[in-house]
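Fold and geometry: a report
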Amino acid sequence: MKNQLSFLAVAWLLLLNACTTVPKSPAVVPEKPAASTVPPVAPVPVAVLKPADWDALTGWTDDDILPAWDAFLQSCAVLKNQPLWQETCLQAATMRGQDSAALRQFFESRFVPHQVLNSDGSGDGLITGYYEPLLKGSRKQSKRYRFPLYTTPDELLVIDLGEIYPELKSMRLRGRVQGRKVVPYYSRSEIERNPASLQGKELLWVDDAIDLFFLQIQGSGRVALENGEIVRVGYSEQNGHPYRSVGRLLVERGELPLEKASMQGIKTWGQKNPGRLNELLQQNSSFVFFRELPAGVPGPLGSLGVPLTAGRSLAIDPRAVPQGAPVFLATTWPNTDKRLHRLMVAQDTGGAIKGSVRADFFWGFGPEAGDQAGKMRQSGRMWVLMPAGYEPQAQAR
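Residues numbered from 1 in each chain as written. Predicted model: local features only at pLDDT ≥ 70, side-chain atom pairs only at ≥ 80, totals over all residues. Heavy atoms only, no water.

**Description of the nonpolar core**
Trp60, Trp69, Phe72, Phe107, Val321 and Met382 are the most contacted members of the largest nonpolar core, which has 67 residues in total. The element best represented in this core is helix H2 (residues 66-79), accounting for seven residues. Residues Leu135, Val223, Val288 and Phe290 belong to the second largest nonpolar core, which totals 15 residues. (Core = buried A, V, L, I, M, F, W, Y, C linked by side-chain atoms within 4.5 Å. Buried < 20%, exposed > 50% of the residue type's maximum accessible area, 1.4 Å probe, protein only. Helix = DSSP H or I, 4+ residues; strand = E, 2+ residues; numbered from the N terminus.)

**Concerning the side chain of Arg104**
Among the secondary structure elements, Arg104 is positioned in helix H4 (residues 100-110). The charged side chain of Arg104 is buried without a salt bridge, its nearest counter-charge being Glu108 at 5.1 Å. Within the local environment of Arg104, its side chain forms a polar contact with the backbone oxygen of Thr61, the two atoms lying 3.4 Å apart. With near-sequence residues (within four places) excluded, Arg104 lies in contact with Trp60, Thr61, Asp62, Asp63 and Ile65. (Lys, Arg positive; Asp, Glu negative; His and termini not counted. Salt bridge = Lys/Arg side-chain N within 4 Å of Asp/Glu carboxyl O. Polar contact = N/O pair within 3.5 Å; in protein donor to acceptor, adjacent residues only side chain to side chain. Contact = heavy atoms within 4.5 Å.)

**Points about the confidence of the model for the chain**
Scored by pLDDT, the chain comes out at a mean of 85, with 86% of its residues at no less than 70. The spread of mean pLDDT over the elements of the chain runs between strand S1 (residues 19-20), the lowest at 42, and strand S15 (residues 326-332), the highest at 98. Here residues 1-44 is a poorly scored stretch, pLDDT under 50, and it has 148 contacts once near neighbours within four places are set aside; other chains count. (pLDDT = per-residue confidence, 0-100.)

**So, helix H8 (residues 263-272)**
What H8 keeps buried is the set Met263, Gly265, Ile266, Trp269 and Gly270. What you see down the axis of H8 is that its buried residues fit within an arc of 165°, all on one side. Facing away from the buried side of H8 by over 90 degrees, the exposed positions are Gln271 and Lys272. Elements in contact with the buried residues of H8: strand S4 (125-132), helix H6 (209-218), helix H7 (246-252), helix H9 (277-281) and helix H10 (367-375). (Arc of directions from axis to C-beta.)

**Some remarks on the sheet that holds strand S13 (residues 288-292)**
Pairing in this open sheet of six strands is mixed, and the strands run S6-S10-S5-S11-S12-S13 from one edge to the other. Every other strand in the sheet has two partners, leaving strand S6 (147-150) and S13 as the edge strands with one partner each. The mean angle between the axes of side-by-side strands here comes to 45°, regardless of whether they run parallel or antiparallel. Across four bridges, strand S5 (residues 134-138) lies against strand S11 (residues 220-225) in parallel orientation. Bridging from a neighbouring strand, Leu134 pairs with Arg222 of S11. In the packing of H6 onto the sheet, the strands contacted are S5, S6, strand S10 (202-206), S11, strand S12 (230-238) and S13, and the crossing angle to S6 comes to about 20°. (Pairing = 2+ DSSP bridges. Axes fitted to C-alpha atoms, helices over the stretch in contact; angles between N-to-C directions.)

**Things to note about the pattern of salt bridges**
Taken as a whole, this structure holds 16 salt bridges when the rule is applied. The network of salt bridges with shared partners includes Glu132, Arg222 and Arg232.

**Digging into the side chain of Glu132**
With respect to the helices and strands, the residue Glu132 is situated in strand S4. Using a relative accessible area of 1% as the deciding quantity, one classes Glu132 as buried. Within the local environment of Glu132, its side chain forms a polar contact with the side chain of Arg232, the two groups lying 2.8 Å apart. Dropping the residues within four chain positions of it, Glu132 is found in contact with Ser220, Gly221, Arg222, Arg232, Pro300, Phe362, Gly364, Phe365 and Gly366.

**Considering unusual backbone geometry**
Of note in this structure, Asn335 is not a glycine but carries a positive phi near 60°. Of note, Asn335 is situated in the loop between S15 and strand S16 (339-348). Here Asn335 falls in the exposed class, since its relative accessible area comes to 58%.

**Structural notes on the packing of H2 against H4**
For the pair H2 and H4, interaxial distance at closest approach is 10 Å and the crossing angle is 55°. Here H2 lies oblique to H4, going by the angle between them. Crossing hand, H2 versus H4: left-handed. Contacts between H2 and H4 involve Leu66, Trp69 and Phe72 from the former and Ser100, Leu103, Phe106 and Phe107 from the latter. (Parallel < 35°, antiparallel > 145°, perpendicular 65-115°, else oblique. Left-handed = near helix turned anticlockwise from the far one by under 90°.)

**What to know about a nonpolar patch on the surface**
Together, Leu134, Ile230 and Phe365 give the surface a local cluster of nonpolar side chains, amounting to about 270 Å² of exposed area. With respect to the helices, strands and loops of the structure, Phe365 is situated in strand S17 (residues 358-365). (Patch = residues over 30% accessible without salt bridge, like charges linked within 9 Å, V, L, I, M, F, W, Y side chains within 5 Å. Areas by Shrake-Rupley, 256 points an atom, 1.4 Å probe, with all protein chains shown as cover.)

**Remarks on the packing of aromatic side chains**
Taken as a whole and assessed by the stated rule, the structure comprises 22 aromatic pairs. For the pair Phe106 and Phe107, a centre-to-centre distance of 6.0 Å together with 80° between the ring planes defines the contact as edge-to-face. Judged by relative accessible area, which is 2%, Phe106 ranks as buried. An aromatic cluster of at least three residues, connected via ring pairs, comprises Trp54, Trp60, Trp69, Phe72, Trp85, Phe106, Phe107, Phe111, Phe328 and Trp383. Positioned over the ring face of Trp60 is Arg104, at 5.9 Å from the centre of the ring. Positioned above the aromatic ring of Phe365, the side-chain terminus of Arg222 is 3.6 Å from the ring centre. (Phe/Tyr/Trp six-rings, centres within 6.5 Å; stacked < 30°, edge-to-face > 60°. Lys NZ or Arg CZ within 6 Å of the ring centre and 35° of its normal.)

**So, the environment of Leu204**
For Leu204, the position within the fold is in strand S10. On a C-alpha basis, the gap between Leu204 and Phe147 in space is 8.4 Å, while along the polypeptide they are 57 residues apart. Once you skip the residues sitting within four places of it in the chain, Leu204 turns out to touch Ser138, Arg139, Phe147, Pro148, Leu149, Val223, Leu225, Val231 and Val233.

**Brief notes about the environment of Glu190**
Inspection of the secondary structure assignment puts Glu190 in helix H5 (residues 188-193). Put simply, Glu190 and Gln282 are 92 residues apart on the chain and 9.0 Å apart in space, counted from C-alpha to C-alpha. There is a polar contact of 2.8 Å between the side chain of Glu190 and the backbone nitrogen of Ser187.

Okay, structure coming up:
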């Protein structure tokens, strides 16, 4: 039976050509997502995690640990059930109320930093940003509110390949059944040309197509309704098609310079070219489905299942960096050379976050967060903090 399932999974992999993780992705121009491959070859090489000394983490002693500590305790709600983290999280729970110096000592005495290296041994990578946007919307369709947020359709198949091939952990295959065949799920352009396939799955309606597009890229957000209610929405599923950067496409077409291919630059282009906007957005075949989150949730939920912390949560490739782990990030503030070195926590993933030294910095909620996120495209280095005794796995080849 397992061999039959394995054959089926490979067949679907070849057919759909769309392995993805949670598809939140930066608004700036990311690198092209890697194409899917047949097992046992991994689509993206796993990082090399090289043990390092604490003095290699420039700025470690200057950082205020407290905000990252609160984020780490959120991670422990999940990590405490894993043998590697059980004792560490139990000890962390006894440290509430301690100052930054005591918490830093906690990490130094119980953790070992591991520098994240690319497969070629280099340590530099791309750091982008994302945020939680605010949209205007309604629970009913109208002339103003005519762009729908959809919940997950019943016909969408989601296959966890990691259950069959451990080397494909965190990768899922998506499609639908047509007759006796499994075929790719509808692309963005197909959904928008024939919305009848999702009739009845409308969660909310919003007033701006490009804001909705970027909500899908960010993966979560808030919608302000006409009655004053604020609805928080989060990622539910994705159609299985690969993410394509429309900012990069505008650069390739010669319509935007690279330095303006940010979220803000793309929105400005759309305002100047309303008749061409749909054609541009449909070049990204990836499409995200949402769910309404409980009103009391303190922040958007990352792929780890815990609320994200502004300025301290990081989206990573889970094949490279263990989810939930603290990560010391050495980068610069958006569009500057000003040093941004701080302790983060790996609590999210993203469709365009592929590779080893690659991360997405969560800036939080609102216009200022959106401004920073939209501009961020910096070089950076990363160190994962793992409990003493952790043995890095061999690099996938």
